[in-house]
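Now for the letters of each chain:
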Protein chains: 2
Amino acid sequence: MFRELLRDIVDKTEGGVAGLIMDSEGIAVETYARDGAAFDITTVGIEYGVVLGSIKRAAESLEAGQAHEVAIGTDKLVTIIRTLGDSYFLAVALRPDGNFGKGRYLMRAAAPKLLAELG
Amino acid sequence: MFRELLRDIVDKTEGGVAGLIMDSEGIAVETYARDGAAFDITTVGIEYGVVLGSIKRAAESLEAGQAHEVAIGTDKLVTIIRTLGDSYFLAVALRPDGNFGKGRYLMRAAAPKLLAELG
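One structure accompanies this document, and this report is about it. (Residues numbered from 1 in each chain as written. Chains lettered and ligands numbered in written order. Predicted model: local features only at pLDDT ≥ 70, side-chain atom pairs only at ≥ 80, totals over all residues. Heavy atoms only, no water.)

1. A closer look at the interface of chain A and chain B
How large an interface is tends to be reported as the accessible area lost when its parts come together. If you look at the interface, chain A gives 29 residues, while chain B gives 29 residues. For the pairing of chain A and chain B, the buried interface totals around 2,400 Å² over both sides, and the portion due to carbon and sulfur atoms is 63%. Viewed at the interface, chain B and chain A are joined by zero salt bridges. At the boundary of chain A with chain B, the tally comes to 17 residue pairs in polar contact (both at pLDDT 80 or more). Elements supplying a minimum of two residues to the side of chain A that touches chain B: helix H2 (41-61), strand S3 (67-74) and helix H3 (100-118) of chain A. Here the element with the most residues in the side of chain A that touches chain B is H2 of chain A; it accounts for 10 residues. When the residues that make up the side of chain A that touches chain B are grouped by side-chain class, the tally is 15 nonpolar, eight polar and six charged. Where S3 of chain A meets strand S3 (residues 67-74) of chain B, seven bridges bridge the pair, whose relative direction is antiparallel. Bridging from a neighbouring strand, Thr74 of chain A pairs with Ala67 of chain B of S3 of chain B. (Contact = heavy atoms within 4.5 Å. Buried area = accessible area lost by both parts, 1.4 Å probe. Salt bridge = Lys/Arg side-chain N within 4 Å of Asp/Glu carboxyl O. Polar contact = N/O pair within 3.5 Å; in protein donor to acceptor, adjacent residues only side chain to side chain. Helix = DSSP H or I, 4+ residues; strand = E, 2+ residues; numbered from the N terminus. Nonpolar A, V, L, I, M, F, W, Y, C, P; charged D, E, K, R; others polar. Pairing = 2+ DSSP bridges.)

2. A word on the packing of aromatic side chains
Any pair of aromatic rings gets described here by the distance separating the centres and the angle formed by the planes. Across all of its chains, the model carries one aromatic pair over all chains by this definition. For the pair Phe100 of chain A and Phe100 of chain B, a centre-to-centre distance of 6.0 Å together with 20 degrees between the ring planes defines the contact as stacked. With Phe100 of chain A in helix H3 and Phe100 of chain B in helix H3 (residues 100-118), this pair bridges two chains. Of the two residues examined, Phe100 of chain A and Phe100 of chain B, each falls in the buried class. When the ring centre of Phe100 of chain B is taken as origin, the NZ or CZ atom of Arg104 of chain A, which lies over that ring, is 4.2 Å away. (Phe/Tyr/Trp six-rings, centres within 6.5 Å; stacked < 30°, edge-to-face > 60°. Buried < 20%, exposed > 50% of the residue type's maximum accessible area, 1.4 Å probe, protein only. Lys NZ or Arg CZ within 6 Å of the ring centre and 35° of its normal.)

3. As for the sheet that holds S3 of chain B
Strand order in the open sheet formed by 10 strands is S2(A)-S1(A)-S5(A)-S4(A)-S3(A)-S3(B)-S4(B)-S5(B)-S1(B)-S2(B), with antiparallel pairing between adjacent strands. The open sheet terminates on both sides in strands that have one partner only, identified here as strand S2 (28-33) of chain A together with strand S2 (28-33) of chain B. Strand after strand, the sheet turns through a mean of 10 degrees between neighbouring axes, direction not considered. Where H2 of chain A meets the sheet, it contacts strand S1 (16-23), S2, S3, strand S4 (78-84) and strand S5 (88-94) of chain A together with S3 of chain B, and its direction lies at approximately 60 degrees from that of S1 of chain A. (Axes fitted to C-alpha atoms, helices over the stretch in contact; angles between N-to-C directions.)

4. Side note on the nonpolar core
The biggest cluster of nonpolar side chains holds 45 residues, and the ones touching the most others in it are Tyr48 and Ile55 of chain A together with Tyr48 and Ile55 of chain B. Of all the secondary structure elements, the ones that give two or more residues to this core are S1, H2, S3 and S5 of chain A together with strand S1 (16-23), helix H2 (41-61), S3 and strand S5 (88-94) of chain B. Beyond its immediate sequence surroundings of up to four residues, Tyr48 of chain A is in contact with Ile72, Thr74, Thr79 and Ile81 of chain A together with Ala58, Ala59 and Leu62 of chain B. Counting 42 residues, the second largest nonpolar core, distinct from the first, contains Ile80, Ala110 and Leu118 of chain A together with Tyr32 of chain B. (Core = buried A, V, L, I, M, F, W, Y, C linked by side-chain atoms within 4.5 Å.)

5. A look at the relation of the copies chain A and chain B
Once chain A has been moved 0.0 Å along the axis and rotated by 180 degrees, it coincides with chain B to within an RMSD of 0.0 Å. Here the two chains are linked by the operation of a two-fold rotation axis. Measuring from the rotation axis to each C-alpha of chain A, the shortest distance belongs to Ala71 of chain A, at 2.5 Å. The fraction of interface residues of chain A whose copies in chain B are also interface residues reaches 100%, indicating that both copies meet through the same surface. (Least-squares fit on C-alpha atoms with pLDDT ≥ 70 in both.)

6. Thoughts on the packing of H2 of chain A against H2 of chain B
Each packed pair of helices is defined by two parameters, the angle between the axes and the distance between the axes. Look at H2 of chain A against H2 of chain B: their axes get within 10 Å of each other, and the N-to-C directions meet at 180 degrees. One element, H2 of chain A, and the other, H2 of chain B, form an angle in the roughly antiparallel class. Note on element contacts: H2 of chain B touches H2 of chain A through Glu47, Tyr48, Val51, Ser54, Ile55, Ala58, Ala59 and Ser61 of chain B, opposite Glu47, Tyr48, Val51, Ser54, Ile55, Ala58, Ala59 and Ser61 of chain A. (Parallel < 35°, antiparallel > 145°, perpendicular 65-115°, else oblique.)

7. Focus: the side chain of Thr13 of chain A
Within the secondary structure layout, Thr13 of chain A lies in the loop between helix H1 (2-12) and S1. If sequence neighbours within four positions are ignored, Thr13 of chain A has contacts with Arg34, Leu94, Asn99, Lys102, Gly103 and Leu106 of chain A.

8. A word on H1 of chain A
Residue and element names in this part refer to chain A. What H1 keeps buried is the set Phe2, Leu5, Leu6, Ile9 and Val10. For H1, the angular spread of buried residues about the axis comes to 125 degrees, placing them on one side. Tucked into the core, H1 has its buried residues touching S1, S2, S5 and H3. (Arc of directions from axis to C-beta.)

9. Some thoughts on the pattern of salt bridges
Counted by the stated rule, this structure contains 12 salt bridges over all chains. With a shortest N-O distance of 3.1 Å, Asp97 of chain A and Arg95 of chain A are connected by a salt bridge. By relative accessible area, which is 59% here, Asp97 of chain A ends up exposed. Judged by relative accessible area, Arg95 of chain A falls into the partly exposed class, the value being 43%. For Lys102 of chain B, the salt bridge identified is with Glu14 of chain B, shortest N-O distance 3.5 Å. Note that Lys102 of chain B is positioned in helix H3 and Glu14 of chain B in the loop between helix H1 (2-12) and S1, a separation of 88 residues in sequence.

Following this line, the structure appears as structure tokens:
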């Protein structure tokens with residue numbers, strides 16, 4: 001079920017290369033990568049998961065409410081991260097020329113289902 | 001000139017509340033806030049500037065190239081950050097219902113001019 005949801009988001013997002021659901025300790029719950037993905041999505045999740053922790057603390061310190069979405073664009077990869085409650089997050093990686101808006105939309109739409117399943 | 005460019009981006013982005021140009025040490029070069037902005041953009045810049053440092057290091061460690069754009073969405077504020085070379089960044093804060101795509105576009109369009117001026 002997690003894998004199907006991940007595949008659905010990644011494959012329907014033009015330029016989507018991989019996706020994962022990870023807990024806040026850096027343990028992947030599920031991953032999915034298209035053939036030929038140049039990055040290991042688990043490694044991306046671990047690195048950016050650490051960053052996500054700092055972002056959550058920064059948002060608290062700013063009294064800006066809960067952080068629910070983060071996007072990081074680099075030369076080679078755009079990664080969209082969506083928090084799933086306090087303990088999990090969903091991340092989808094796209095090529096820089098991928099359809100960022102579509103990825104965000106599909107992730108936002110899938111979040112309640114994922115959250116219900118994880119909770 | 002910096003203030004005019006900031007004002008132009010913030011005012012033309014529906015839901016835009018404030019913007020700043022900051023160096024990587026957390027010193028603001030210029031700021032602009034619309035009347036009634038609920039957040040101090042300099043404080044936002046300092047908090048997220050620290051996070052941006054971690055993101056740059058994570059991207060390097062992933063060999064994903066240079067990080068050039070980061071967006072952070074919380075309950076109360078969406079902040080788009082664009083790096084301006086190694087030493088500066090541009091940040092624009094929007095209301096959560098603001099026009100994210102427009103903000104990103106205007107920031108991307110303004111970046112070369114800002115970079116030339118800062119360089």
